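Residue strings, one per chain:
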Amino acid sequence: MESYSLSNLKELEAESIHIIREVAAEFENPVMLYSIGKDSSVMVRLAEKAFYPGKVPFPLMHIDSKWKFREMIEFRDKYVKEKGWDLIVHYNKKAYEQGVGPFTHGSKVHTDLMKTQALLEALNKYKFDAAFGGARRDEEKSRAKERIYSFRDKYHQWDPKNQRPELWDIYNAKIHKGESIRVFPLSNWTELDIWQYIRLENIPIVPLYFAKERPVVDIDGNLILVDDERMPEEYRKKAVMKKVRFRTLGCYPLTGAIESEADTIEKIVEEMMTVTKSERTTRVIDFDQEASMEQKKREGYF
Amino acid sequence: MNIKEFLDQDQKKDLLRFLTAGSVDDGKSTLIGRLLFDSKKLYEDQLSALKRDSKRVGHAGEEIDYALLLDGLKAEREQGITIDVAYRYFSTAKRKFIIADTPGHEQYTRNMITGGSTANLAVILIDARKGVITQTRRHTFLVSLLGIKHVVLAVNKMDLVDYDEKVFNKIVEDYKEFVTQLDIPDINFIPLSALKGDNVVDVSDKMPWYHGKSLLEFLETVHVSSDRNFSDMRYPVQYVLRPTLDFRGFSAKVASGIIRKGDEVMVLPSRQKSKVKSIVTYDGDLDYAFPPQAVTVTLEDEIDVSRGDMLVHPDNPPTVSRHFEAMLVWMDEEKMDPLTQFYIKQTTHTTRAKVDHIDHKIDVNTLEKHDVDALQLNDIAKVVITTNEPLYFDPYKKNKATGAFILIDPVTHNTSAVGMITGEYKEGKLDLRITSEQKDKIHKGQGLISQDEYVKRYNQKGSTIWISGLHGSGKNELAFSLERKLFDLGATVITLDGKSTRMGLSRELDFSPADRAEHLRRIAHIAKLLNDQGIITICSFASNDENIRNQVAEIIGKDRFHLAYMDADIDYCKKNADDDLYERFEKGEISNIPGLDLEFQKPENAKLVMNPEDMQDNLQKVLDYLSENKIFPAG
Ligand SMILES: Nc1nc2c(ncn2[C@@H]2O[C@H](COP(=O)(O)OP(=O)(O)O)[C@@H](O)[C@H]2O)c(=O)[nH]1
């Protein structure tokens with residue numbers, strides 16, 4: 001007998017493909033933000049599925065803070081070549097030349113200049129009217145109410161009082177010139193869904209997600225990887241080898257590792273399901289005072 | 001079972017989306033918090049049981065304020081951030097769940113409608129001490145309006161009524177009596193205590209008289225996949241894929257029914273027929289596809305199909321019509337302006353729509369019907385809508401995917417309203433009520449449509465762009481390219497030029513100054529009539545005489561008359577003219593030619609002066625002018 005029911009993952013997949021196609025059809029100049037993380041990798045796979053056998057009709061864009069883990073950049077360059085993606089890499093040139101970095105300027109200034117400002121600069125430069133992001137609603141409590149189409153004014157600002165009702169699968173794509181939307185096709189995916197999908201689809205991810213002996217330093221209770229010599233000597237000399245992995249990837253000085261034995265997806269899931277700690281708590285930047293997620297969003301951060 | 005087998009099994013589970021509704025303090029946050037927390041515990045237990053050194057974490061004795069688990073949103077609410085719905089995720093070994101958690105405060109209608117639009121099931125909370133109250137009725141009505149087929153009436157705080165069976169039974173009876181008026185096929189009653197955990201995850205021994213499932217068991221096992229419409233095939237084309245010359249695929253999410261390889265299909269609106277050649281996906285071709293799969297279909301024949309079109313089975317088409325009745329929920333802070341020409345989006349099709357008529361508004365508390373003129377935030381009403389292009393739809397009750405739509409305000413672009421189609425509206429049913437005031441107007445030849453209504457409908461102000469210039473100056477070229485451009489931009493526009501009008505309207509007139517004046521008088525009156533009815537008119541006439549131009553402006557109305565002058569001298573025009581008019585004049589065959597034997601009085605008061613050498617720039621100049629003066633677009 002024929003079966004007319006879908007598994008959770010297949011239903012999520014269909015929902016995301018529908019969203020991605022809808023944006024490609026209704027916006028003039030969309031872009032997919034590619035952070036090199038596991039969620040981005042899933043999102044890009046979904047885009048490839050959406051337009052198969054054609055190519056993805058919009059570019060990917062990586063906002064390079066210049067402080068990403070080296071393995072992330074290697075991974076990015078390898079797959080861009082292999083898959084033939086149309087990838088834009090953008091960074092805040094001015095701030096980079098001034099030597100902005102987390103160790104010298106602090107996480108807040110660094111994040112603002114190298115991530116938020118760099119993103120805004122790129123959006124203005126290329127005049128994108130829709131930007132896909134890989135954020136999920138279950139990542140953090142305050143994301144629970146996030147729309148799939150998140151409306152931004154011409155300054156890329158998110159006005160919490162001016163978000164449109166979103167019903168069924170009918171998305172309102174009407175914007176005025178200069179305005180834009182951020183689109184979150186993975187809104188309804190959970191961390192477990194992402195891992196399951198990566199496993200099911202054999203989606204390549206950056207090796208940093210898997211536990212391995214790595215040199216790390218304990219900085220204010222966060223295990224920070226010694227990724228290059230830009231880390232001040234005073235920290236570097238305290239480095240110890242530990243078996244660690246990363247739950248999220250970002251700028252290496254701002255992303256804490258966790259001690260772990262999980263070197264396969266199965267083991268990661270097992271750890272994840274039995275350790276009660278939400279995913280983003282290993283991101284140092286979230287400990288910044290005042291800079292709540294809402295605040296950052298209003299300023300144009302994803 | 002090892003972790004691998006566990007995951008293999010886990011990835012096969014399905015998804016249930018449900019809505020929770022209750023009034024403030026009924027215990028909604030406590031219940032959701034417990035579901036999230038305890039299901040995580042269940043998972044943990046299961047996983048640690050897989051390990052040899054299983055160390056079970058005990059549940060007993062812990063005092064947790066479950067409601068705190070959800071607190072993320074309270075602070076935001078205080079900052080005035082609108083939260084119409086928050087989505088929560090949890091999972092058991094059997095299913096994944098998405099909870100649409102809708103705040104029960106003032107904006108309950110908008111919130112519940114938003115959260116419920118994607119839900120298969122609704123959990124409606126009741127405080128056992130209060131029983132069925134107004135809010136319960138309101139929530140249930142909204143659930144039935146959204147076509148949610150399964151309801152769980154969760155009778156909470158049973159601990160506060162001594163787990164008394166009689167209290168529960170009374171509530172069940174009251175509810176059943178009320179719910180018969182509404183169309184909800186599957187209703188279930190569960191007595192529970194969210195705080196103590198009775199009948200939430202495990203069946204409680206405090207209520208031995210209850211023989212049903214716990215809430216979680218029920219949610220894990222309720223059968224919802226057959227709720228979708230699998231009988232009426234609707235394939236609303238979303239995206240046309242043309243990666244190579246010989247591949248043309250039509251991508252869509254199957255809205256309803258089953259589409260199969262080899263099926264004969266008809267394209268709406270063209271009604272052309274073809275056969276499904278293949279159903280393509282990244283993971284391989286399929287023999288059939290069902291909702292909500294997102295696939296790409298190729299057809300046997302090369303027929304025209306674009307986004308917004310719909311593939312259907314020829315023997316089972318949807319209704320194709322511009323008029324329908326619907327239940328409309330007003331979502332905008334601004335109240336409805338009945339003149340607005342909204343964008344309507346239904347499936348993948350966007351066109352314009354107007355609310356013709358509000359049949360009645362429904363009071364969500366009493367279900368009584370009221371007459372109203374306009375709708376406000378949270379109002380629900382039965383309305384009649386007319387669209388510019390036909391929609392392909394089914395009644396929402398039969399087919400949610402093709403019966404749902406949103407209305408978008410053309411100026412603010414907000415989603416002003418959402419609707420559920422109840423059926424086609426047969427034309428002629430709308431009664432034509434003509435008041436004596438209106439009769440008066442008709443008598444005076446004024447029409448019943450106001451200037452404002454035209455402006456809203458066409459998004460333009462009825463105006464005349466009058467282009468003056470010598471023969472051969474390129475004014476016609478400008479007129480017609482302007483008409484083309486405005487048309488493409490969505491304006492409603494008509495061009496009048498010498499050739500077209502002299503062949504019929506003014507066929508008896510010659511080119512003498514007197515006849516030229518009469519000709520332009522006629523043109524001016526036509527332009528005025530068109531402008532009166534909201535239409536933009538482009539007039540391209542030499543109009544060499546200053547006096548006559550002023551008379552024309554007088555007839556049309558000075559504020560609607562916009563003079564453009566094509567500033568080309570006679571030598572340029574002689575070179576540029578595409579006929580032999582000037583040669584014939586030289587030979588003495590004709591006379592009365594402006595710029596030669598008739599004086600061409602250069603307009604001093606032209607609003608726009610054009611350089612004939614730069615057509616592209618001229619076009620942009622006019623467009624900028626129209627937009628600056630809010631002639632088009634008016635908004
Ligand atoms: N005794 C008892 N109290 C409950 C129960 N469920 C919730 N409460 C209490 O009722 C109050 C309101 O609960 P809350 O979950 O915040 O309600 P909400 O406004 O519907 O989200 C809190 O003090 C809860 O502890 C229950 O089953 N039994």
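Everything numeric in this text was worked out from a predicted model, so none of it was measured.

Caption draft 1: Expanded view of the overall build of chain A. Looking only at helices and strands, chain A features 9 helices and 10 strands. In terms of C-alpha radius of gyration, chain A reaches 19 Å, essentially the compact-globule figure of 19 Å for 302 residues. Structurally, chain A occupies a C-alpha span of about 55 × 55 × 40 Å along its principal axes. Within chain A, the proportion of its 302 residues that are buried is 63%.

Caption draft 2: Here's a closer look at the interface of chain B and chain A. Counting from both sides, the interface comprises 83 residues of chain B and, opposite them, 72 residues of chain A. Taken together, both faces of the contact between chain B and chain A bury some 6700 Å²; the carbon and sulfur share is 59%. Of all residues in chain B, Gln11(B), Tyr282(B) and His413(B) give up the largest surface area on contact with chain A, accounting jointly for 11% of the area buried on that side. For the pair chain B and chain A, the interface holds 13 salt bridges. The shortest N-O distance in the salt bridge between Lys345(B) and Glu26(A) comes to 2.7 Å. In this structure, the connection of chain B to chain A is made through 34 residue pairs in polar contact (both at pLDDT 80 or more). Across the side of chain B that touches chain A, the residue classes break down as 41 nonpolar, 21 polar and 21 charged.

Caption draft 3: Geometry of the domain arrangement of chain B. All names here are of chain B. The assigned domain composition of chain B is domain 1 (3–227), domain 2 (234–312), domain 3 (319–424) and domain 4 (451–628). Put simply, the middle of domain 2 and the middle of domain 3, counted by C-alpha atoms, are 29 Å apart. If you look at the interface, domain 2 gives 13 residues, while domain 3 gives 10 residues. Both sides of the domain 2 and domain 3 interface together cover about 910 Å² of buried area, and 60% of this is carbon and sulfur. Taken as a group, Arg234, Gly308 and Met310 account for 40% of the area that domain 2 buries against domain 3, more than any other trio of residues on that side.

Caption draft 4: Spotlight on the confidence of the model for chain A. On average, residues of chain A score 89 in pLDDT, and 90% of them are at 70 or above. Under a pLDDT of 50 for its full length, residues 277–291 of chain A has, in the predicted model, 44 contacts with residues more than four places off or in other chains.

Caption draft 5: Spatial organisation of the packing of helix α1 (residues 8–26) of chain A against helix α2 (residues 38–51) of chain A. Residue and element names in this part refer to chain A. Interaxial distance between α1 and α2 falls to 9 Å at its minimum, and their mutual angle equals 70°. Regarding the angle of α1 to α2, the classification is roughly perpendicular. Between α1 and α2, the contacting residues are Lys10, Glu13, Ser16, Ile17, Ile20, Arg21 and Ala24 on the first element and Met43, Leu46, Ala47, Lys49, Ala50 and Phe51 on the second. Broken down by class, the residue content of the contact of α1 with α2 amounts to 8 nonpolar, 1 polar and 4 charged.

Caption draft 6: How the structure looks around the site of the ligand. Residues and elements named next belong to chain B. Taken together, 15 residues form the shell around the ligand, and within it Asp25, Lys28, Ser29, Thr30 and Asp159 come nearest. Between the ligand and the protein, one listed contact pairs a nitrogen atom with a side-chain N or O atom of Asp159 at 2.7 Å. In this structure, an oxygen atom belonging to the ligand sits 3.3 Å away from a main-chain N or O atom of Leu195. Computed on the free molecule, the ligand has an accessible area of 570 Å², of which 76% lies beneath the protein chains in the complex. Broken down by element, the residue count for the shell around the ligand peaks at 3 residues, all from helix α2 (residues 28–50). Of the residues in the shell around the ligand, the class split is 4 nonpolar, 6 polar and 5 charged.

Caption draft 7: Main features of the side chain of Glu139(A). For Glu139(A), the position within the fold is in the loop between β4 (130–132) and β5 (149–152). Here the side chain of Glu139(A) touches Arg136(A) through a polar contact of 2.9 Å, landing on its backbone nitrogen.

Caption draft 8: Highlighting unusual backbone geometry. Residue and element names in this part refer to chain B. Going from Pro291 to Pro292, the amide bond is cis rather than trans, its omega being 0°. Examined against the element boundaries, Pro292 turns out to sit in the loop between β13 (288–289) and β14 (294–299). Following Phe632, the chain continues into Pro633 via a peptide bond in cis, with omega recorded as -10°. Here Pro633 is to be found in the segment after α17 (615–628). Positive phi is not limited to glycine here, since Ser543 has a value of about 35°. Tracing the sequence through the fold places Ser543 in the loop between β25 (536–540) and α14 (546–556). Relative accessible area serves as the criterion here: at 6%, Ser543 is assigned to the buried category.

Cut-off values and rules
Residues numbered from 1 in each chain as written. Chains lettered and ligands numbered in written order. Predicted model: local features only at pLDDT ≥ 70, side-chain atom pairs only at ≥ 80, totals over all residues. Heavy atoms only, no water. Helix = DSSP H or I, 4+ residues; strand = E, 2+ residues; numbered from the N terminus. Rg over C-alpha atoms; globule rule 2.2 N^0.38 Å. Buried < 20%, exposed > 50% of the residue type's maximum accessible area, 1.4 Å probe, protein only. Contact = heavy atoms within 4.5 Å. Buried area = accessible area lost by both parts, 1.4 Å probe. Salt bridge = Lys/Arg side-chain N within 4 Å of Asp/Glu carboxyl O. Polar contact = N/O pair within 3.5 Å; in protein donor to acceptor, adjacent residues only side chain to side chain. Nonpolar A, V, L, I, M, F, W, Y, C, P; charged D, E, K, R; others polar. Domains from an automatic or database assignment. pLDDT = per-residue confidence, 0-100. Axes fitted to C-alpha atoms, helices over the stretch in contact; angles between N-to-C directions. Parallel < 35°, antiparallel > 145°, perpendicular 65-115°, else oblique. Near = heavy atom within 4 Å. Areas by Shrake-Rupley, 256 points an atom, 1.4 Å probe, with all protein chains shown as cover.

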